[in-house]
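Secondary and tertiary structure notes
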Amino acid sequence: KPFVISMPPSNITGELHLGHALGFTIQDILTRYHRMVGDMTLWLPGTDHAAIATQVVIERFLKQEGTSREALGREAFLKRVWQWKEEYGSRINLQTRRLGASPDWSRERFTMDAGLTLAVQTAFKKLYDDHLIYRGERIINWCPGCQTAISDLEVDHVDTPGTLWHIAYPLVDGTGTVVVATTRPETMLGDTAVAVHPEDQRFAAIIGKLVRLPIVGREIPVIADQRIDRSFGTGAVKVTPGHDPLDFDLGVTHHLPSLQVIGQDGRMTAAAGADVAGLTTLAAREQIVLRLRETGMLVKAEDYIHAVATCSRSGTVIEPLVSMQWFVKMKPLAALAIRAIRSKKIAIVPSRFEKVFFHWLENIRDWNISRQIWWGHRLPVWYRRSKNGEEIRVALTRPGPGWTQDPDTLDTWFSSGLWTFSTLGWPKRTKDLQRFHPTSVLETSWDILFFWVARMIMFSEYLLGEVPFKTVYLHGLILDQHGKKMSRSKGNGIDPLVMVDRFGADALRMSLVVGNAPGQDFRLYEKKIEHYRNFANKLWNVARFIIAQPRPSGRPVAKSLADRWIIGRLNAVTTIVTASLDSLDFSTAGQSLYDFLWHDLADWYIEASKVEKNIGLLYRVLEQYLVLLHPFMPFITERLWSQLSPDALLMVSAWPKAARASAAQGADFGRLQLTVSRLRNFKVHSGLPAGAPCAFVPRGSHDDPQLMSALAGVQVQAVPRLTVDSRYSEVLLGQTTFQVEREYIQRYESWRQKERTTLEQYISSLELKLGNAEFVARAPAEVVAEEREKLATAKQRLLEL
């Protein structure tokens, strides 16, 4: 059966960051796993033209050269962008390869490919013909720096210190004033109402009355609306339909006029009045506040932290403006996406994101899709003047002479919304489209669930009548070791390529998935990556030890207790890893593989094999382990495999199936492990020399003196019975009684008593701290939880002693 992932297209302007590294690692693990299972596997790569980001980059270069896009003209500018794309646009894909990503690079697509452009134009025309795309004046995010409308995703909300001004609006009938609060007094010049909540008794008597707009003198009504937040400021707010999304909606509901007092250049317009026309918004703000003070209308000004919307590309403050733009009606499309999730045709992992998904779709606004830039998919819209006025036609090619194409381009999210099927040949009904769509898994970050994932579901359901993928796996954001969001500007970011150079791609990949749950932000720090580099070294040393032994011919057979135990453990880890990958639990799979190598194979079986010499079985265990680990650590596993099977590739080897193992075999070896662990501990804390005699009476098949000697590093001797001798005494270690020279037992008991005393004191201090109600109430919850965990660990340790 097919298993398909459409790689989320990276921006051609982008540099590989940890978010990319996490996403590509998870996608590559799934791809390698399904390829080895035997599924018809396709991981289709590609890049996004990143319209605004790319145009900003090219315009920056042009400015350094002393020219501009306007000076070049549209055709020459676009030629320059394509040249840049050919030279630098594949940079992030080259960086991705260093992580070991294994998509089918021969199928790489670009959102501005001819085939994908046809898909975009076809989708636009169908939406228009079905009356789901329209042209109209609505409020949008306008970036004065980029000189274009931008999407919500390209807006950063930055908490900024500011001022909350309280301004008195006099009632026209002379009965008093209404005080409103605002962070942008410059927009008051465009006010067309004052709004209050209908249930707010403070203003019940003035609803429907008129107030006089300070400075301007215009009379405007007091309206009531349920959408007003009674807790903000005074509870009364100014309504400026031309410069605020909520105010625009209020204006539509209450039939208020809309005045544009700020222009697309970020300066005040003539409609704002001759005194401020042409000024920047900040300069106009200073003048208006001064006038309000002079006229006594400024009641007070207080410090206030508020979220300022800025353009993520240019850093310019966003101006909400009413503009003639192209929009998609989202309610009918959102209903398709809601139905797809509710009917379980698509599973979101983790499922808790379904709630916020539904909330966003149920409150969705129409989508502004036109952009006032040159780089991107040009709108397939044509205009012609006729005796009846302006004619508009949507067509894939020029309708005929006299028609002029709309200069605007489409929002990048429009083309990326078609990604899963446009890359497979749609609108043509290709064999690839029939074979590989719907895709299997979409892996991406939770923070673009709405902007991209939802739109892909809408477009696929609308245009193809099917979902674009069966499962959405959302990964979390990566934090530093202190739980802070990583940022290059803060100096706490980690460059994945530097980590690859320092510790290897395999170590970085393991550090990204182990300890990471879907949709959960998690911490990553250099020490963790270094830890998995050490793990890679451990694997290398174990493998080199095995490969150094001559490989015997014939099929290896489990002969001893240790042999049967390691085969049981290998089967168990095979079962766990397979089930975990099937359920997208990458952390459990990775941790199981780590534990098997470090604890089972290296700590126990390698040492046991030095006694029992079953080299054939060692090779078998190593080979199966390399297959299981390969999706996680492809470089080192492929390298080691080439030394085991020079003529074969690991990445296309068959995934192993677990055989049923006897629980009794594991239990027998488990008792041996417990005894040896206690014996090792006794040796360390008693000062027992290596090779010292240590007698015991065997009680079961697991009591192998030769194996115990090799694993514990002492001379274990099996005897018919323990002798009575003043020099010797008995000590119970695990489930076995050993006879050892008395002085070593005394030293061990002395250590154990000191350890117990220390632990008891430590436990008392923790219990005293946690018994302090003030500490528990005031300390951060994570600190209290950490202290409780310390107490539980200490009590367990005391119990073991």
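The structure we're discussing is the one just above.
Residues numbered from 1 in each chain as written. Predicted model: local features only at pLDDT ≥ 70, side-chain atom pairs only at ≥ 80, totals over all residues. Heavy atoms only, no water.

1. Digging into the side chain of threonine 148
Applied cut-off: Helix and strand assignments follow DSSP, with helices taken as H or I runs no shorter than four residues and strands as E runs no shorter than two, numbered in order from the N terminus. In protein, a polar contact means a hydrogen-donor-capable atom and an acceptor-capable atom, both N or O and within 3.5 Å, with residues adjacent in sequence counting only if both atoms are side-chain atoms; elsewhere, any N or O pair within 3.5 Å suffices. For this analysis, residues touch if any pair of their heavy atoms sits within 4.5 Å.
Mapped onto the elements, threonine 148 comes out in strand 7 (residues 148–150). A distance of 2.8 Å separates a polar side-chain atom of threonine 148 from the backbone nitrogen of glutamine 372. Among all residues touching threonine 148, those that are not within four sequence positions of it are Ile52, Asn141, Trp142, Cys143, Arg371, Gln372 and Ile373.

2. Points about the pairing of strand 29 (residues 728–733)
Spelled out, the test is: Two strands are counted as paired when DSSP detects at least two bridges linking them.
Two strands pair when backbone bridges link them, and strand 29 and strand 30 (residues 736–741) are joined in this way by six bridges, in the antiparallel orientation. From the neighbouring strand, serine 729 faces strand 30, where its bridge partner is valine 740. Linking strand 29 to strand 30, which pair antiparallel, is a turn of two residues; within it glycine 734 sits at a positive phi near 70°.

3. What about the packing of aromatic side chains?
The condition that has to hold: Aromatic pairing here means that ring centres of Phe, Tyr or Trp (its six-membered ring) are within 6.5 Å. Orientation follows from the plane angle: under 30 degrees is stacked, over 60 is edge-to-face, and everything else is tilted. Only protein chains enter the area calculation, which uses a 1.4 Å probe; residues under 20% of their type maximum are buried, those over 50% are exposed, and those in between are partly exposed. The rule for a charge over a ring is simple: NZ of Lys or CZ of Arg within 6 Å of the ring centre, and within 35 degrees of the ring normal.
This model, assessed by the stated rule, comprises 28 aromatic pairs. Aromatic pair tryptophan 84 and tyrosine 88: ring centres 5.7 Å apart, planes at 40°, arrangement tilted. Residue tryptophan 84 and its partner tyrosine 88 are both found in helix 4 (residues 74–88); the two are separated by four residues, about one turn of the helix. Residue tryptophan 84 is classed as buried on the basis of its relative accessible area of 9%. Classification of tyrosine 88 as partly exposed rests on a relative accessible area of 35%. Cluster of aromatic residues (ring-pair linked, three or more members): Phe124, Tyr128, Trp326, Trp367, Phe414 and Phe459. When the ring centre of tryptophan 105 is taken as reference, the NZ or CZ atom of arginine 97 above it lies at 4.2 Å.

4. Notes on the sheet that holds strand 14 (residues 298–311)
What counts, and what does not: Angles here are taken between N-to-C directions and fall from 0 to 180 degrees, while the axes themselves are lines fitted to C-alpha atoms, restricted in helices to the stretch in contact.
Strand order in the open sheet made by the three strands is 9-8-14, with antiparallel pairing throughout. Strands at the two margins of the open sheet, each flanked by one partner only, are strand 9 (177–182) and strand 14. Going from strand to strand, the sheet's axes swing by 20° on average, the running direction of each strand aside. Bridging between strand 8 (residues 155–170) and strand 9 involves six bridges; their strand directions are antiparallel. Considered in strand 9, the bridge of tryptophan 165 is made with threonine 182.

5. What to know about the packing of helix 20 (residues 615–629) against helix 21 (residues 634–644)
When two helices pack together, you describe them by how their axes are tilted relative to each other and by the distance separating the axes. Here is the rule we go by: With the far helix as reference, a near helix turned anticlockwise by less than a right angle produces a left-handed crossing, and one turned clockwise produces a right-handed crossing. When residues are grouped by polarity, Ala, Val, Leu, Ile, Met, Phe, Trp, Tyr, Cys and Pro land in nonpolar, Asp, Glu, Lys and Arg in charged, and all others, Gly among them, in polar.
For the pair helix 20 and helix 21, interaxial distance at closest approach is 10 Å and the crossing angle is 145°. As for the relative orientation of helix 20 and helix 21, their crossing is left-handed in sense. Facing helix 20, whose interface residues are Tyr619, Leu622, Glu623, Leu626, Val627 and Leu629, helix 21 presents Thr637, Leu640, Trp641 and Leu644. Grouping the amino acids of the contact of helix 20 with helix 21 by side-chain chemistry returns eight nonpolar, one polar and one charged.

6. Comments concerning the pairing of strand 30
Sheet analysis places strand 27 (residues 693–696) next to strand 30, joined by two bridges and oriented antiparallel. Each residue of the ladder has a partner; that of alanine 695, found in strand 30, is glutamine 739.

7. Side note on the sheet that holds strand 28 (residues 715–718)
Here four strands make up an open sheet; going across it, the order is 28-27-30-29 and the pairing mixed. Both outer strands of the open sheet, strand 28 and strand 29, are each paired with one neighbouring strand and no more. Taking the axes of each pair of neighbouring strands and ignoring which way they run, one obtains an average angle of 35° across the sheet. Across four bridges, the pairing between strand 27 and strand 28 is parallel. Looking at strand 28, one finds that phenylalanine 696 is bridged to alanine 718.

8. Some details on the environment of lysine 485
Within the secondary structure layout, lysine 485 lies in the loop between strand 25 (478–479) and helix 15 (496–503). With relative accessibility at 52%, the residue lysine 485 sits in the exposed group. Taking C-alpha positions, lysine 485 is 19 Å from glycine 14, a pair spaced 471 residues apart along the chain.

9. Details of the side chain of aspartate 48
Mapping aspartate 48 onto the fold places it in strand 4 (residues 46–48). Every residue in contact with aspartate 48, bar those within four places of it in the chain, is listed here: Pro9, Ser10, Asn11, Ile12, Phe110, Thr111, Thr412 and Ser416.

10. Structural notes on the packing of helix 15 against helix 17 (residues 526–547)
Two numbers describe how helix 15 lies on helix 17: the axes approach to 10 Å, and their chain directions differ by 35°. Two packed elements cross with a definite hand, and for helix 15 against helix 17 that hand is right-handed. In this structure, helix 15 uses Met499, Arg502 and Phe503 to contact helix 17, whose residues at the interface are Glu526, Ile529, Glu530 and Arg533. For the contact of helix 15 with helix 17, the per-class residue count stands at three nonpolar, no polar and four charged.

11. Things to note about unusual backbone geometry
For the bond running from tryptophan 426 to proline 427, omega is 20°, close enough to zero to count as cis. By the element assignment, proline 427 lies in the loop between helix 12 (419–422) and helix 13 (431–436). Put simply, histidine 437 and proline 438 share a cis peptide bond, and its omega is 5°. Mapped onto the fold, proline 438 is located in the loop between helix 13 and strand 23 (439–445). Located in the positive-phi region is isoleucine 215, a residue other than glycine, with phi close to 70°. On the accessibility criterion, isoleucine 215 (31% relative accessible area) is partly exposed. Of note, the phi angle at histidine 255 is positive, near 55°, even though the residue is not glycine. Within the secondary structure, histidine 255 sits in the loop between helix 7 (245–254) and helix 8 (281–295).

12. Section: helix 4
What counts, and what does not: To estimate the expected span of a helix, subtract one from its residue number and multiply by 1.5 Å. The directions from the helix axis to the C-beta atoms form the arc being described.
Its 15 residues place the ends of helix 4 21 Å apart at the C-alpha level, agreeing with the 21 Å of an ideal helix rising 1.5 Å per residue. Among all positions of helix 4, only Arg74, Phe77, Val81, Trp84 and Lys85 are buried. Seen end-on, helix 4 carries its buried residues on one side only, within an arc spanning 100°. Opposite the buried face of helix 4, at more than 90 degrees from it, the exposed residues are Glu75, Lys79, Glu86 and Glu87. Structurally, helix 4 contributes buried residues whose contacts are with helix 2 (51–64), helix 3 (69–72), helix 5 (91–97), strand 5 (109–110) and strand 22 (409–410).

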